[in-house]
Amino acid sequence: MAETFIEVLGISCSYAAEPVLEGVKLSVRKGDFLGIIGPNGSGKSTLIKAISRVLKPAQGTVYLDGREVYSMSPREAARLMAVVSQMTGINFDFTVEEIVLMGRHPHAKNLRKETREDLAKVGWALEVTKTSHLRKRLITELSGGELQRVVIARALAQDTSVLLLDEPTSHLDINHQVEILDLIKELNRNQNLTVIVVLHDLNLASQYCDLLILLNRGRIHAMGKPCEVVTQKNIRNVYRSPVIIKEHPVYGCPQVTLLSKRDGHLRDRGMKIHLVCGGGVAGLLMERLVFEGFEVSAGTLNIGDADWEKARVFNLELEEAAPFSPVTEKNLESTLKLMERADVVVVASIPYGHGNLKNLVAVKRAQERGKRVILVDGTPIRERDYTGGKASAICAELIEKGAVVVDSTVELLAKLQEIEPAVRKTRSRTI
Amino acid sequence: MVNKTLYLTAALIVLCLVFVAVNGIGAVKIEFKEIIAIIASKVPVLGKGITGGWKETHETILVQVRLPRTLLAVLVGACLSVAGAIYQGIFKNPLADPYIIGASSGAALGAALAIFLSLNLSFLGIGAVSMLAFLTSILAVFLVYNMARVGHRVPVLTLLLAGIALSSFLSAVVSLLTYLSGDKLGHIIFWMMGSLSSRSWSYVYSTLVSFLAGILIAFYYARDLNILLLGEDTAVHLGIETERVKKILLATASILTAASVASSGLIGFVGLIIPHTVRIAVGPDHRWLIPASALTGGTFLLLADTIARTVFAPTELPVGIVTAMFGGPFFIYLLKKRKTSY
């Protein structure tokens with residue numbers, strides 16, 4: 001199971017001197033479900049074409065089950081891998097059954113009639129794709145969803161161990177998209193079918209694929225599990241589009257929410273904020289700050305804390321402590337360093353116990369070194385002080401020494417906007 | 001769509017009946033029974049016992065004049081229809097015809113040249129016009145194929161465009177030759193309208209060779225041709241060596257076309273309308289489409305030629321005019337009747 005089944009070795013392809021793929025390397029194990037994502041023109045389809053022998057790469061090569069695909073005969077290759085290409089119109093009135101039978105071509109001799117095995121495989125393919133009832137219908141009369149299922153049935157009739165799909169769900173309604181991907185996932189699980197699929201929809205890709213490749217201008221930008229690939233940073237860098245990444249409420253995989261470019265979201269504010277948070281109460285605030293374009297760092301946060309998870313999703317610079325453990329002296333030092341690099345330290349309205357009191361101590365030290373501090377005081381400090389008054393005392397001290405108190409996120413943002421010019425000035429002076 | 005086996009059987013029976021019937025038509029009427037007896041007597045081994053019972057002149061007219069002509073009509077009709085079916089498959093376009101990539105204009109140039117230069121050669125009973133037409137037809141397609149080549153590939157769209165480009169150029173040369181040909185002008189024009197009149201057995205044999213070779217190759221690659229209809233990338237994914245298969249099929253269709261054109265001039269519409277009509281009846285599967293097109297095309301041209309030689313007898317109409325006159329309106333009727341775009 002763990003051995004490499006498909007190996008793409010540094011392939012480069014180009015259309016008329018324009019490089020489309022440059023040195024792409026990847027290896028896929030048997031039974032993997034690999035998704036290829038990337039913007040238009042990033043080389044997704046070309047990669048599928050190169051693997052499936054349609055476009056021979058100018059450099060590099062592709063191995064399938066230990067053999068170079070370009071040295072196989074076309075029929076041999078077609079017995080190992082089936083491809084569902086992007087939908088193209090068929091003008092000719094073949095019946096569904098005739099189309100699916102064509103999937104048996106790699107197994108047949110030119111003049112031989114269909115064998116019982118051929119018919120059995122076709123019957124099976126029609127059944128799993130739920131197209132048996134369409135058997136005698138003309139391919140030209142099918143709806144988009146039906147046609148796509150028939151094309152997949154044809155690929156399954158080929159009886160291969162690899163299935164490549166190039167955007168199998170574009171042009172389909174959401175219900176059909178899910179149906180098709182569920183089907184592929186099922187085949188992947190039950191038949192141990194190795195699947196490589198190009199998907200346009202990042203959310204579907206992250207939901208269905210075990211592994212993802214993010215292509216950008218013909219190169220692999222990121223590769224790994226969906227949570228490692230679909231990150232704010234990657235998507236922003238590759239798609240040049242403002243997004244928020246959140247967890248899927250049911251499956252936990254990253255989901256992309258698009259923001260309008262026009263509103264200037266995520267424009268770089270050039271202002272760094274260190275956020276003291278924790279206990280899962282500052283998630284929305286963190287999201288908003290990131291969303292508004294501030295460069296946010298956070299900590300110290302306990303590993304496994306909801307705010308910690310969110311900070312991870314946003315890929316924030318982060319100081320972390322062991323789960324359910326108090327903040328250590330070492331954490332404090334590191335957090336202080338993060339604070340020093342920030343322009344403003346924002347303290348969220350979090351509860352304090354003996355475990356995280358050191359975070360407030362860090363804020364105090366940062367303030368002593370001249371850092372601006374803003375306290376968000378949504379809930380009065382008394383009500384969230386579990387340290388017998390120590391936290392309240394430090395807060396009072398902070399306020400005494402000039403920390404600004406705001407009541408809400410909206411007020412905080414207004415305040416940040418207000419001090420932005422001053423921060424800029426301080427920064428240009430220090431630089 | 002009708003039952004495929006039924007269609008094929010019916011088409012074969014109709015062809016045989018029509019064949020015998022039209023051989024009786026002409027200035028001299030020959031009885032149905034007589035025709036069957038005479039033909040049967042010519043069959044090797046089996047025909048030995050059959051003698052007499054018919055007029056000597058009837059036998060001469062049948063064997064020397066009518067049979068070669070009617071047989072050639074069937075063969076040419078079959079060749080053009082099979083070639084049309086192949087081209088329509090390769091180009092994934094049901095409106096492609098055998099003349100689409102220059103076979104006709106190439107042949108026209110050869111024929112016009114031979115007539116213009118009054119070449120009087122003949123080889124195995126085949127005249128210079130035919131021979132030159134055959135060669136230039138093949139040459140034109142070969143040129144188009146190489147013009148369209150991009151690296152190792154020959155994209156069908158480029159092939160189509162190269163075909164149109166070369167055809168218009170060659171047509172201009174043919175027009176020039178026709179313009180300069182003086183008293184041979186009628187001859188060239190008549191050739192280009194297509195005719196099956198006064199062709200000897202040599203033409204039947206030479207066309208038969210091309211036909212047999214062509215239909216066998218086409219039938220062997222019928223399944224590949226089906227899959228090519230799904231697009232070339234898909235064909236690669238299904239294990240087809242697309243470039244090789246395309247090359248073989250193009251060569252086959254071109255030889256079929258060249259053989260027809262060489263023996264009978266430019267007969268239009270058969271290669272377009274027959275495969276198209278047959279496809280409506282038996283569906284797009286080439287394993288059925290190719291033999292069914294051959295039978296139907298043979299019958300169609302046989303009937304068209306009978307009309308051409310009888311309606312204004314003793315004056316002959318060029319058969320190309322007849323096929324176009326019947327074919328055009330029928331084609332429009334089919335287009336209107338179909339719900340889908342083709």
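Since we're looking at a predicted model, the values are computed, not measured.

**Observations concerning the packing of aromatic side chains**
Residues and elements named next belong to chain B.
(1) Moving on: Within this structure, the stated rule accounts for 3 aromatic pairs over all chains.
(2) Moving on: Pairing Tyr87 with Phe91 gives two aromatic rings, centres 6.2 Å apart and planes at 20°, and the pair type is stacked.
(3) Moving on: For Phe91, a relative accessible area of 8% puts it in the buried group.
(4) Moving on: Aromatic side chains Tyr220 and Tyr221 sit 5.1 Å apart centroid to centroid with 85° between the ring planes, which places their arrangement in the edge-to-face category.
(5) Moving on: Judged by its relative accessible area of 36%, Tyr220 is partly exposed.
(6) Moving on: The positively charged end of Arg199 is found above the aromatic ring belonging to Tyr203, 5.7 Å away from the centroid.

**Notes on the interface of chain A and chain B**
Often, the extent of an interface is quoted as the loss of accessible area upon association of its parts.
(1) Moving on: The interface is formed by 31 residues belonging to chain A together with 30 residues belonging to chain B.
(2) Moving on: Of the roughly 2,700 Å² buried between chain A and chain B on both sides combined, carbon and sulfur atoms contribute 59%.
(3) Moving on: Area buried by chain A at its contact with chain B is led by Phe92, His105 and Asn110 of chain A, which between them contribute 26% of it.
(4) Moving on: Counting across the interface, chain A meets chain B through 3 salt bridges.
(5) Moving on: Put simply, chain A and chain B have 6 residue pairs in polar contact (both at pLDDT 80 or more) between them.
(6) Moving on: When contributions to the side of chain A that touches chain B are tallied by element, the ones reaching two or more residues are helix 2 (74–80), strand 6 (81–84) and helix 3 (96–102) of chain A.
(7) Moving on: Residue composition of the side of chain A that touches chain B, grouped by class: 14 nonpolar, 8 polar and 9 charged.

**Some remarks on helix 6 (residues 174–190) of chain A**
Residues and elements named next belong to chain A.
(1) Moving on: With 17 residues, helix 6 ought to run about 24 Å at 1.5 Å a step, and its terminal C-alpha atoms sit 24 Å apart, in line with that.
(2) Moving on: Among all positions in helix 6, only Gln177, Ile180, Leu181, Leu183, Ile184, Lys185, Leu187 and Asn188 are buried.
(3) Moving on: Just downstream of helix 6, Asn192 is the residue with a positive phi angle, here 55°.

**A word on the side chain of Arg199 of chain B**
Residue and element names in this part refer to chain B.
(1) Moving on: Looking at the secondary structure, you find Arg199 in the loop between helix 7 (185–193) and helix 8 (201–220).
(2) Moving on: At 8.4 Å, Glu316 is the nearest oppositely charged side chain to Arg199, a buried residue that forms no salt bridge.
(3) Moving on: At 2.8 Å, the side chain of Arg199 and the backbone oxygen of Ser197 are in polar contact.
(4) Moving on: A polar contact of 2.6 Å, which involves the side chain of Arg199, links it to the backbone oxygen of Ser263.
(5) Moving on: Look past the residues within four positions of Arg199 in its chain and what remains in contact with it is Pro68, Leu72, Ser263 and Ser264.

**A short note on a nonpolar patch on the surface**
(1) Moving on: On the surface, Leu185, Ile189, Met193, Ile307, Val311, Phe312, Ile321, Met325 and Phe326 of chain B cluster together into a nonpolar patch covering about 800 Å² of accessible area.
(2) Moving on: Assignment of secondary structure puts Val311 of chain B in the loop between helix 13 (286–310) and helix 14 (319–337).

**Here's the deal with the sheet that holds strand 16 (residues 344–347) of chain A**
Remark on secondary structure: sheet strands pair via backbone hydrogen bonds, oriented parallel or antiparallel.
Residue and element names in this part refer to chain A.
(1) Moving on: As summarised here, the arrangement of the 6 strands in space is 15-14-13-16-17-18, forming an open sheet in which the pairing is parallel. Each having just a single partner strand, strand 15 (317–321) and strand 18 (404–406) make up the two edges of the open sheet. Pairs of neighbouring strands in the sheet enclose a mean axial angle of 20°, with direction left out of account.
(2) Moving on: The pairing of strand 13 (residues 272–276) with strand 16 spans 4 bridges and is classified as parallel. Paired with Val276 across the bridge in strand 16 is Val347.
(3) Moving on: The sheet contacts of helix 10 (residues 283–291) involve strand 13, strand 14 (295–302) and strand 17 (372–376), and relative to strand 13 the element is tilted by about 175°.

**A word on the sheet that holds strand 10 (residues 219–224) of chain A**
Residue and element names in this part refer to chain A.
(1) Moving on: Judged by pairing direction, the sheet is mixed, and its 6 strands sit side by side in the order 6-7-8-3-9-10 without closing on themselves. Because the sheet does not close on itself, it has two edges, and the strands there are strand 6 and strand 10. Averaged over all pairs of adjacent strands, the angle between strand axes in this sheet comes to 15°, irrespective of strand direction.
(2) Moving on: Relative to strand 6, helix 5 (residues 144–157) is tilted by about 170°, and along the sheet it contacts strand 6 and strand 7 (162–166).

**Focus on the pairing of strand 16 of chain A**
All names here are of chain A.
(1) Moving on: Side chains Val344 and Val346 of strand 16 all project onto a buried face; the interleaved residues Val345 and Val347 project onto the opposite face, where all are buried too.
(2) Moving on: Two strands pair when backbone bridges link them, and strand 16 and strand 17 are joined in this way by 4 bridges, in the parallel orientation. Across the sheet, the residue bridging to Val344 is Arg372, located in strand 17.
(3) Moving on: In the classification by handedness, the crossover that spans strand 16, the intervening helix 13 (residues 357–368) and the parallel strand 17 is right-handed.

**Quick look at the pattern of salt bridges**
Residues and elements named next belong to chain A.
(1) Moving on: Throughout the structure, instances matching the rule amount to 30 salt bridges over all chains.
(2) Moving on: A salt bridge links Glu292 to Arg288, with the shortest nitrogen-to-oxygen separation between them at 3.2 Å.
(3) Moving on: When its relative accessible area of 34% is taken as the criterion, Arg288 is described as partly exposed.
(4) Moving on: Put simply, Asp377 and Arg384 hold a salt bridge, and the shortest N to O gap is 2.8 Å.
(5) Moving on: For Asp377, a relative accessible area of 26% corresponds to the partly exposed category.
(6) Moving on: Judged by relative accessible area, Arg384 falls into the buried class, the value being 7%.

Procedures and definitions
- Residues numbered from 1 in each chain as written.
- Chains lettered and ligands numbered in written order.
- Predicted model: local features only at pLDDT ≥ 70, side-chain atom pairs only at ≥ 80, totals over all residues.
- Heavy atoms only, no water.
- Phe/Tyr/Trp six-rings, centres within 6.5 Å; stacked < 30°, edge-to-face > 60°.
- Buried < 20%, exposed > 50% of the residue type's maximum accessible area, 1.4 Å probe, protein only.
- Lys NZ or Arg CZ within 6 Å of the ring centre and 35° of its normal.
- Contact = heavy atoms within 4.5 Å.
- Buried area = accessible area lost by both parts, 1.4 Å probe.
- Salt bridge = Lys/Arg side-chain N within 4 Å of Asp/Glu carboxyl O.
- Polar contact = N/O pair within 3.5 Å; in protein donor to acceptor, adjacent residues only side chain to side chain.
- Helix = DSSP H or I, 4+ residues; strand = E, 2+ residues; numbered from the N terminus.
- Nonpolar A, V, L, I, M, F, W, Y, C, P; charged D, E, K, R; others polar.
- Expected span 1.5 Å × (residues − 1).
- Lys, Arg positive; Asp, Glu negative; His and termini not counted.
- Patch = residues over 30% accessible without salt bridge, like charges linked within 9 Å, V, L, I, M, F, W, Y side chains within 5 Å.
- Areas by Shrake-Rupley, 256 points an atom, 1.4 Å probe, with all protein chains shown as cover.
- Pairing = 2+ DSSP bridges.
- Axes fitted to C-alpha atoms, helices over the stretch in contact; angles between N-to-C directions.
- Right-handed = clockwise from strand over helix to strand, strands pointing away.

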